[in-house]
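Overview (structure and organization)
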Amino acid sequence: MNKREIVLKAILQQGILPLFYHDDVAESVGLVKKLYKAGIRVFEFTNRGDKAAIVFKELLSVRDREMPGLYLGIGTIKNREEAALFADMGADFIVSPIINPSVAELVNEAGLLWIPGCMTPTEIYHAQEYEAALIKLFPANILGPGFMSAIRDLFKGQLFIPTGGVDIELSNLRSWFNSGVCAVGMGSKLIDPKNADGLEEKTVLALDLVKQARQK
Ligand SMILES: O=C(O)C(=O)C[C@H](O)[C@H](O)COP(=O)(O)O
């Protein structure tokens, strides 16, 4: 299995892709360590502030020392320069809120998983043209599970991960998995970057609810 397939398999197994941005290195490391202790093995840091590169670099080195088996990806990647910066730094996968062909080309050349953001059938078609094995439905809180049910049969075999407003709530998770998605992206409903209290317990609960939501 190549790197792309290994990371994709890890996301499918975990069922959740936690994500956050924080501009403080120590706080970010503390949050990721709590997620890791709760069983998270794939995580997305978002490029949503001017400290993103500094923090991500440190997360990668702490991971190499202390969190074996953790795949670290970078999100909110909108152009080739950003993709190159983080791919060269050692990102395990690249997530975008959009489709930018020059990002797709670079990430595919690097042999990494590219997860583009789509909200229309046309965008999904274009993402497939750039070999997107996993497509992020974004903003998921606007689209809803109904969108996924409506387009599912048009794109048989395509894997989808809704992101944006996904809640740690069984009926919400069940409606997404019943609509045909393979995992969910979860940011602010799981992680409050300003308050790490209870994050480990909350993550264990979220992993368990996803397991329940996936059971037919
Ligand atoms: O930055 C990106 O690339 C995005 O795609 C946006 C974020 O992933 C979502 O905004 C997370 O939404 P919440 O789970 O509601 O916090």
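Residues numbered from 1 in each chain as written. Predicted model: local features only at pLDDT ≥ 70, side-chain atom pairs only at ≥ 80, totals over all residues. Heavy atoms only, no water.

Taken from UniProt, the Subunit (unreviewed entry) comment for the chain reads in full: "Homotrimer." Database annotation for the chain, UniProt heading Sequence similarities (unreviewed entry): "Belongs to the KHG/KDPG aldolase family." (UniProt positions renumbered as here; feature names shortened; annotations may be inferred.)

This next bit is on the site of the ligand. Around the ligand, the neighbouring residues are L19, R48, T76, P97, K136, F138, T163, G164, G165, M186, G187 and S188. T76 has a polar side-chain atom sitting 2.6 Å from an oxygen atom of the ligand. One of the backbone nitrogen or oxygen atoms of G165 is found 2.7 Å away from an oxygen atom of the ligand. Protein contacts shield 87% of the accessible area of the ligand, which totals 400 Å² for the unbound molecule. (Near = heavy atom within 4 Å. Polar contact = N/O pair within 3.5 Å; in protein donor to acceptor, adjacent residues only side chain to side chain. Areas by Shrake-Rupley, 256 points an atom, 1.4 Å probe, with all protein chains shown as cover.)

Turning our attention to the sheet that holds strand β9 (residues 184–186). Strand order in the open sheet formed by six strands is β5-β4-β3-β2-β1-β9, and the pairing between neighbours is parallel. Of all the strands in the sheet, the pair left with one neighbour each is β5 (113–115) and β9. Taking each pair of neighbouring strands and ignoring which way they run, the sheet shows an average axis angle of 25 degrees. Sheet contacts for helix α1 (residues 3–14): β1 (16–20), β2 (42–46), β3 (71–75), β4 (93–95) and β5; angle to β5, the most-contacted strand, approximately 50 degrees. (Pairing = 2+ DSSP bridges. Helix = DSSP H or I, 4+ residues; strand = E, 2+ residues; numbered from the N terminus. Axes fitted to C-alpha atoms, helices over the stretch in contact; angles between N-to-C directions. Contact = heavy atoms within 4.5 Å.)

By the element assignment, Q158 lies in the loop between α7 (140–151) and β8 (159–162). Looking at Q158, its side chain comes within polar contact range of the main-chain oxygen of A133, at 3.2 Å. The residues touching Q158, leaving out its near neighbours within four places in the chain, are Q128, A132, A133, L134 and I135.

This paragraph deals with unusual backbone geometry. Cis peptide bonds are those with omega within 30 degrees of zero, and the linkage from F138 to P139 qualifies with -5 degrees. Structurally, P139 is set in the loop between β7 (134–137) and α7. The backbone of T76 shows a phi angle near 65 degrees, a positive value even though the residue is not glycine. A positive phi angle, near 60 degrees, is found at E131, a position not held by glycine. Summarising the element assignment, E131 is placed in the loop between α6 (121–129) and β7. For E131, a relative accessible area of 55% puts it in the exposed group. (Buried < 20%, exposed > 50% of the residue type's maximum accessible area, 1.4 Å probe, protein only.)

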